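So the chains spell out like this:
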Amino acid sequence: MSDPISALINLQFSPAVPIPEHLVGEVQSKLAYVDEAIRSARIAPSGDQITLEIQEGAANRQDAIQEKVQRVVHSMVKGAFKPKIQVLEDHLDRPVIFDRDPMEELAARGEVSQEADGIFSLGPMLTRLIAYFEGHFEHLAATFEAVPYRFPTLIPARYLERVNYFRSFPHSLTFVTHLREDLDAIDHFALHAACDEHGLNVPAESFSRIKTLLSPAVCYHLYFTLADSTLQSGSLAATAVGNCFRYESSNLASLERLWNFTMREVIFVGSKDYVLENREIARQRMMPVLEELGLAYRVESATDPFFVGEFRKQAAFQSAFQLKFEIRARLPFKDSTLAVGSYNYHQDFFGRHLNIQLPDGSPAHTGCVAFGLERMAFAFLAQYGLDSENWPSSVRQAVNG
Ligand code: ATP
Ligand code: ZN
Ligand code: MG
């Protein structure tokens, strides 16, 4: 965490290789992780200028910071080619009535209360709105006769290791620890623990080694329950909602990008055809739902936010095989879009890594449809505002009771 009270200085320079426009957002989001002194990072849309705000105390390390930034740029840009974005649905110009950032009004009405960066409590109207969206997602799950699951918030490090998560998304991990079983360490903590602007003043050796993390996704838990076994039925549709954690550093912003958020997933496990067909059916069944919500959105091909070293190769792979499509809702107030959900196909990745077999002995294929509940609510309010009399009638009736 950066020190909130120290002064900031601007550092502006050109990337050693120009950043193509389609990579600007992706590279920019990674700059947050380059150095603790970086408080914000911006790349000009044209890709030829980088502006960092860094803590004044790091002024003597400007060259080193710049060098690390250039390393990121080089690694992500070199040899990259522009993926062909495939648009499956385009309702971005659906008329909406609101064009402001809803956050200020949400805070004024007590509908959001920020506990820390990326951590919010939500009030009654947001809670009801999310319950209404959830009703639609649960109904979608029911059309597949998806069976319900409840998964833990914690996930063993050993599990994430088994599916290469550490290599792909190291930057967004959140680790869990506890005090070591040691009378001196616990007594010392009880007597001296206090928070300063850097956090808890507790010596690192008081904490246990890390064996557990906060879970970054929902469907992984299902795959782990199926690990090292044969799926006798040949296919499975399941659904669950859960807390997910992704540390997004200075990219954490309002309800758009949270550290702690909730995801509803409908998950398919089976043959390649079973998973791909159901992913497609799910997308088609969501079309009338998104229309009923009046949402202005587009469904287009996308890639996961892999970290620097893995980004180019893995993103190109996902893009070439159309493994991911995002529902991107329009945010009128910033003239951009935000992913509120995704349709994912993992091929037999989890089947192979976790040894989930189909009755014929081949590894199972998996896929999931995932909705970000806070983002659904945020995007809806960014398009329709907080006054329910202006909402599409079905939403108004459901939420007002
Ligand atoms: P983004 O592209 O915005 O970083 P993602 O591609 O990592 O999101 P997925 O892994 O597909 O997202 O997760 C499914 C859904 O979960 C997203 O469509 C989004 O609605 C939600 N989600 C993902 N990350 C966050 C976050 N940090 N805060 C809030 N919601 C999130
Ligand atoms: Zn999933
Ligand atoms: Mg994405």
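Source: prediction; values computed, not measured.

Draft legend 1. Fine view of the coordination of the zinc ion (ligand 2). Ligation of the zinc ion (ligand 2) by protein atoms is provided by Cys 219 (SG), Glu 265 (OE) and Cys 368 (SG), these donors lying 2.1 to 2.3 Å from the ion. In primary sequence terms, the donor set of the zinc ion (ligand 2) follows C-x45-E-x102-C. One end of the pair, Glu 265, is in strand β15 (residues 260–270); the other, Cys 368, is in strand β20 (residues 365–372), with 103 residues separating them in the sequence. In this structure, Glu 265 and Cys 368 share a single accessibility class: buried.

Draft legend 2. Structural detail: the sheet that holds strand β8 (residues 154–156). Pairing is antiparallel in the open sheet, where 3 strands are placed in the order β8-β12-β9. In the strand order of this sheet, the two ends are held by β8 and β9 (175–176), each with one partner. Pairing analysis gives 3 bridges linking β8 to strand β12 (residues 212–214), with the strands arranged antiparallel. Each bridged residue has a counterpart across the sheet, and for Leu 154 the counterpart in β12 is Leu 214.

Draft legend 3. Main features of the domain arrangement of the protein chain. Segmentation of the protein chain into domains returns domain 1 (8–77), domain 2 (87–171 + 216–400) and domain 3 (175–206). Measuring from the centre of the C-alpha atoms in domain 1 to the corresponding centre in domain 2 gives 29 Å. Contacts between domain 1 and domain 2 engage 11 residues on the former and 13 residues on the latter. Approximately 1,100 Å² of surface area, both sides summed, lies buried where domain 1 meets domain 2, with 61% of it carried by carbon and sulfur atoms.

Draft legend 4. Local environment of helix α10 (residues 308–320). The end-to-end C-alpha distance of α10, which contains 13 residues, comes to 19 Å, matching closely the 18 Å that a straight helix rising 1.5 Å per residue would cover. Along α10, the largest kink reaches about 30° and is centred on Gln 314. Those residues of α10 that fall on the buried side of the exposure criterion are Val 308, Glu 310, Phe 311, Ala 315, Gln 318 and Ser 319. Close packing links the buried residues of α10 with α1 (24–31), α2 (62–77) and α6 (165–168). Positive backbone phi, approximately 50°, marks Gln 322, located one or two places after α10.

Draft legend 5. View of the side chain of Ser 249. Along the chain, the position of Ser 249 falls in the loop between β14 (236–245) and β15. On the accessibility criterion, Ser 249 (15% relative accessible area) is buried. Those residues in contact with Ser 249, other than ones at most four positions away along the chain, are Ala 32 and Tyr 33.

Draft legend 6. Region of the structure containing the sheet that holds strand β3 (residues 50–55). Read from one edge of the open sheet, 3 strands run β1-β3-β2, paired in antiparallel fashion. Of all strands in the sheet, those bounded by a partner on one side alone are β1 (8–13) and β2 (38–43). The mean inter-strand angle of the sheet, taken between neighbouring strand axes irrespective of direction, is 15°. As defined by bridge partners, β1 adjoins β3 across 6 bridges and the pair is classed as antiparallel. When the sheet's bridge partners are listed, Asn 10 is paired in β3 with Glu 53.

Draft legend 7. Region of the structure containing the pattern of salt bridges. Taken as a whole and judged by the stated rule, the model has 20 salt bridges. In this structure, Arg 109 engages Glu 105 in a salt bridge whose closest nitrogen and oxygen atoms are separated by 3.2 Å. Judged by relative accessible area, Glu 105 falls into the partly exposed class, the value being 24%. Across the pair Arg 298 and Glu 300 runs a salt bridge, and its minimum N-O distance is 3.1 Å. Overall, Arg 298 belongs to the partly exposed group, its relative accessible area being 26%.

What counts and what doesn't
- Residues numbered from 1 in each chain as written.
- Chains lettered and ligands numbered in written order.
- Predicted model: local features only at pLDDT ≥ 70, side-chain atom pairs only at ≥ 80, totals over all residues.
- Heavy atoms only, no water.
- Donors = N, O, S within 2.8 Å, 3.2 Å for Na, K, Ca; no water.
- Helix = DSSP H or I, 4+ residues; strand = E, 2+ residues; numbered from the N terminus.
- Buried < 20%, exposed > 50% of the residue type's maximum accessible area, 1.4 Å probe, protein only.
- Pairing = 2+ DSSP bridges.
- Domains from an automatic or database assignment.
- Contact = heavy atoms within 4.5 Å.
- Buried area = accessible area lost by both parts, 1.4 Å probe.
- Expected span 1.5 Å × (residues − 1).
- Bend = angle between axes of the 7 residues up to and from the residue.
- Axes fitted to C-alpha atoms, helices over the stretch in contact; angles between N-to-C directions.
- Salt bridge = Lys/Arg side-chain N within 4 Å of Asp/Glu carboxyl O.

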